[in-house]
Amino acid sequence: MPKVIAQGKLIECEIQANLRQVLQKNGVDLHNGGSQVINCRGLGSCGTCAVKVEGEVSAANWRDQTRRSLPPHSPTSDLRLACQTKILGDVKVTKYDGFWGQGSQIVWTPEG
């Protein structure tokens, strides 16, 4: 079973599990500020669940690529939309500041 490390939590999940669902089910603060209330609930259209993911995950699908190509995101950043990411192996997740998680300051790291 793959292991996800995020916000100081070690979470085991099934292969192909959705990263957003796994994080939320385990109490990880995935959204910043008002985006906790105003987000697309996993449809891949808002971009507020953007995180840095290190490890084995699915390739970015068209929704992920399209949303991250629009401001304030950048297609050249190393962020992924958690709602459009499937876990394939062990991963570490980092969250950045900004309404869309696109900022430069770390909000939380894999360790906490």
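Residues numbered from 1 in each chain as written. Predicted model: local features only at pLDDT ≥ 70, side-chain atom pairs only at ≥ 80, totals over all residues. Heavy atoms only, no water.

### Remarks on the overall build of the protein
Along its length, the protein carries 2 helices and 6 strands. What you see for the protein is a C-alpha radius of gyration of 12 Å, in line with the 13 Å of a compact globule of 112 residues. By principal-axis analysis of the C-alpha atoms, the protein measures approximately 35 × 25 × 25 Å. Burial statistics for the protein: of 112 residues in total, 44% are counted as buried. Counted over contacts in the protein with a minimum sequence separation of 6, partners at least 24 positions apart contribute 56%. Of the roughly 5,800 Å² of accessible surface on the protein, 52% is carried by carbon and sulfur atoms. In the protein, which carries 13 positive and 10 negative side-chain charges, the distance between the mean positions of the two groups comes to 8 Å. (Helix = DSSP H or I, 4+ residues; strand = E, 2+ residues; numbered from the N terminus. Rg over C-alpha atoms; globule rule 2.2 N^0.38 Å. Buried < 20%, exposed > 50% of the residue type's maximum accessible area, 1.4 Å probe, protein only. Contact = heavy atoms within 4.5 Å. Areas by Shrake-Rupley, 256 points an atom, 1.4 Å probe, with all protein chains shown as cover. Lys, Arg positive; Asp, Glu negative; His and termini not counted. Charge placed at Lys NZ, Arg CZ, Asp CG, Glu CD.)

### Regarding the side chain of Arg80
Here Arg80 shows up in strand E4 (residues 79-81). Separated by 2.9 Å, the side chains of Arg80 and Asp64 make a polar contact. What Arg80 contacts, discounting residues up to four positions off in sequence, is Cys49, Ala50, Val51, Val53, Val57, Ser58, Ala59, Ala60, Asp64, Arg68 and Thr85. (Polar contact = N/O pair within 3.5 Å; in protein donor to acceptor, adjacent residues only side chain to side chain.)

### Comments concerning the pairing of strand E1 (residues 3-6)
Only one face of E1 is covered, namely the one carrying Val4 and Ala6; the face carrying Lys3 and Ile5 has none of its residues buried. As judged from the 4 bridges shared by E1 and strand E2 (residues 9-12), these two strands associate in the antiparallel manner. Each bridged residue has a counterpart across the sheet, and for Ala6 the counterpart in E2 is Lys9. Linking E1 to E2, which pair antiparallel, is a turn of 2 residues; within it Gln7 sits at a positive phi near 50 degrees. As paired elements, E1 and strand E5 (residues 87-96) share 3 bridges and run parallel to each other. Each residue of the ladder has a partner; that of Ala6, found in E5, is Val93. (Pairing = 2+ DSSP bridges.)

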